[in-house]
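Chains, contacts and geometry: an overview
What follows is each chain in one-letter form.
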Amino acid sequence: MGLKLYNSLTRKKEEFKPLKKGKVGIYVCGPTVYGHAHLGHAKSYVSFDILVRYLRYLGNDVTYVQNITDVGHLTDDADQGEDKIAKAAKKEKVHPMALAEIYTRSYFEDMDALNCVRPDISPRASGHIVEQIELVKELLEKGCAYEANGSVYFDISKFEDYGKLSGRNIEEMQAGARVEVSPDKKHPADFALWKKAEPNHIMQWPSPWGMGFPGWHLECSVMSTKYLGQPFDIHGGGLDNKFPHHECEIAQAEAATGKQFVKYWVHNNMVTVDGQKMSKSLNNFITLKQAFSPDEPKHDRLSRKYDPLAIRQLILNSQYRSPLDFSDEALHAAQSGCEKLTNAVIAVRKQIKNAPKGQIDKNIESRLKELKEKFETAMNDDLNTAIALSVMFDLVNLAGDLLAKSTTGETLTAINNMFTALGGDVLGIIKERYTEQGGADTETLDKLVKVLIEQRNAARKKKDFAAADALRKQLEEAGVVLEDAAGETVWRFK
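Remember, predicted model here, so these are calculated numbers, not experimental data.

Cut-offs and rules
- Residues numbered from 1 in each chain as written.
- Predicted model: local features only at pLDDT ≥ 70, side-chain atom pairs only at ≥ 80, totals over all residues.
- Heavy atoms only, no water.
- Pairing = 2+ DSSP bridges.
- Helix = DSSP H or I, 4+ residues; strand = E, 2+ residues; numbered from the N terminus.
- Axes fitted to C-alpha atoms, helices over the stretch in contact; angles between N-to-C directions.
- Contact = heavy atoms within 4.5 Å.
- Salt bridge = Lys/Arg side-chain N within 4 Å of Asp/Glu carboxyl O.
- Parallel < 35°, antiparallel > 145°, perpendicular 65-115°, else oblique.
- Polar contact = N/O pair within 3.5 Å; in protein donor to acceptor, adjacent residues only side chain to side chain.

Right, let's talk about the sheet that holds strand S4 (residues 61–66) for a bit. Strand pairing in a sheet relies on backbone hydrogen bonds. The paired strands run either parallel or antiparallel. As summarised here, the arrangement of the four strands in space is S4-S3-S9-S10, forming an open sheet in which the pairing is parallel. For this open sheet the edge positions go to S4 and strand S10 (262–268), each flanked by a neighbour on one side alone. When the angles between neighbouring strand axes are averaged without regard to direction, this sheet yields 20°. The pairing of strand S9 (residues 232–238) with S10 spans six bridges and is classified as parallel. Residue pairing across strands places Ile234 opposite Tyr264, the latter belonging to S10. Docked against the sheet, helix H1 (residues 39–57) engages strand S3 (23–28), S4, S9 and S10, running at close to 160° with respect to S4. Of the strands in this sheet, S3, S4 and S9 touch helix H6 (residues 216–228), which is tilted by about 160° from S3.

Below you can see the structure in the form of structure tokens.
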């Protein structure tokens, strides 16, 4: 059985067949960079990281494009309100582009910590203004858009397939329209391709319609097709972006070219807190830095700081299309599982060096084949990471049984190779740096770190906080993070 993905466009699971055999183009809506990434972002980007990793595991040449939105995303997620970045920049008293730089760097730091592969291309909306203006001009020429008072709107009445992704019809859009609809629009559901900028609006560019800035939906249509062509294979994003964002992307791209925009639409579900979607707008979010960075204050919903890979494991415990209800208890359990897996890999790699030479155990070889088949069957079924993750713990138990008795190095190497391929390359929950550092000599390293922890505690008792902070910083520079919790200090790899 090949990989099957749930296609939001057809509302069913379909066998994935790339447009060009062996080559896959995937575009994922990236963050609007006006604040630190939170756990909701982690759910989305870990989910698509898994998709990219698995497509590559299957032997495909994948081009992964994930944009950075640094202009045009307004506060009501449609055509009204302030630019989210400009609003945050005003609050923090910095230039909007400076703010975008700060939070773009922060975002990639957090994604690196979660062990997400970097996109092949990370285009910025502000770097593609010329292409966006050209698409607007094309839509105007084809009669699918109209200019009004310096802004340009897409006319949804000219695109009969509008609503095919979300399943909404024009009447529902009319009834659900916001009370304050721009008088410049012919229909409440018409959306902005280009917005007129007020004189004090910092983020604006010259255009045939006057000074302005691009619409949020326009940006993704332009950036995705510029780098992947049209049509391309997969467009991903959060379920909350299906309407209006993705619906509008389809309308723009297909009205302009007459060709299908995207073959497969893949949407991840949300992280919830007490049953409500986690989001910045609801102010119920926990940033990733609050969850795992020692430099940020701990969030009051968390009992401690966590390993970034524990957050990744928590996300993989559920299938990407299922909601994930956050709790400190669930994260604590994921941390325990993460440590169990890491320790098993360290133990296997350490034992390989001392194990006797010999043939691989045929029973173990057969069992590994079964586990690999179970893993691939789960992943082929719309990326069922919960079952795939359970295979990793079956492998942990198998390794534990073998380490308790004399086993050949070839047998342990086969187990290690499966840990690397399935847990490392596909699921991304085995980070080489952890196991290499731990595998060197875990007991000795633990003793050395604890000596430094005792020195730090002694300095704190003397109220020599400068010395205590210096010790902590030196350890962090060496890749060791200290966490003060429940009256004791514990350590982990950064």
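That was the structure; now back to the text.
Time to look at the pattern of salt bridges. Under the definition given, this model contains 19 salt bridges. The shortest N-O distance in the salt bridge between Arg321 and Asp382 comes to 2.7 Å. Residue Arg321 is located in the loop between helix H9 (308–316) and strand S13 (324–325), and its partner Asp382 is located in the loop between helix H11 (362–380) and helix H12 (385–403); the two are separated by 61 residues in the primary sequence. What you see here is one network of salt bridges that share partners, running through Asp49, Arg53 and Arg312.

A few words now on the packing of H1 against H9. Following both chains from N to C, one finds H1 and H9 inclined at 75°, their axes separated by 10 Å at the closest point. With respect to their mutual orientation, H1 and H9 come out roughly perpendicular. Contacts from Leu39, Ala42, Lys43, Val46, Ser47, Asp49, Ile50 and Arg53 of H1 reach H9 at Ile311, Arg312, Ile315 and Leu316.

Relative to the helices and strands, His245 is located in helix H7 (residues 242–257). Among the polar contacts made by the side chain of His245, one reaches the side chain of His217 at a distance of 3.0 Å. Residues in contact with His245, not counting those within four places in the same chain, are Cys29, Trp216, His217 and Cys220.

In this section: the sheet that holds S13. If you walk across this open sheet you meet the three strands as S12-S11-S13, and the pairing is mixed. Strands at the two margins of the open sheet, each flanked by one partner only, are strand S12 (276–277) and S13. Pairing geometry for strand S11 (residues 271–273) and S12, over two bridges, is antiparallel. Residue pairing in the sheet places Val273 in a bridge with Gln276 of S12.

In short, shape yes, function no, at least from these values alone.
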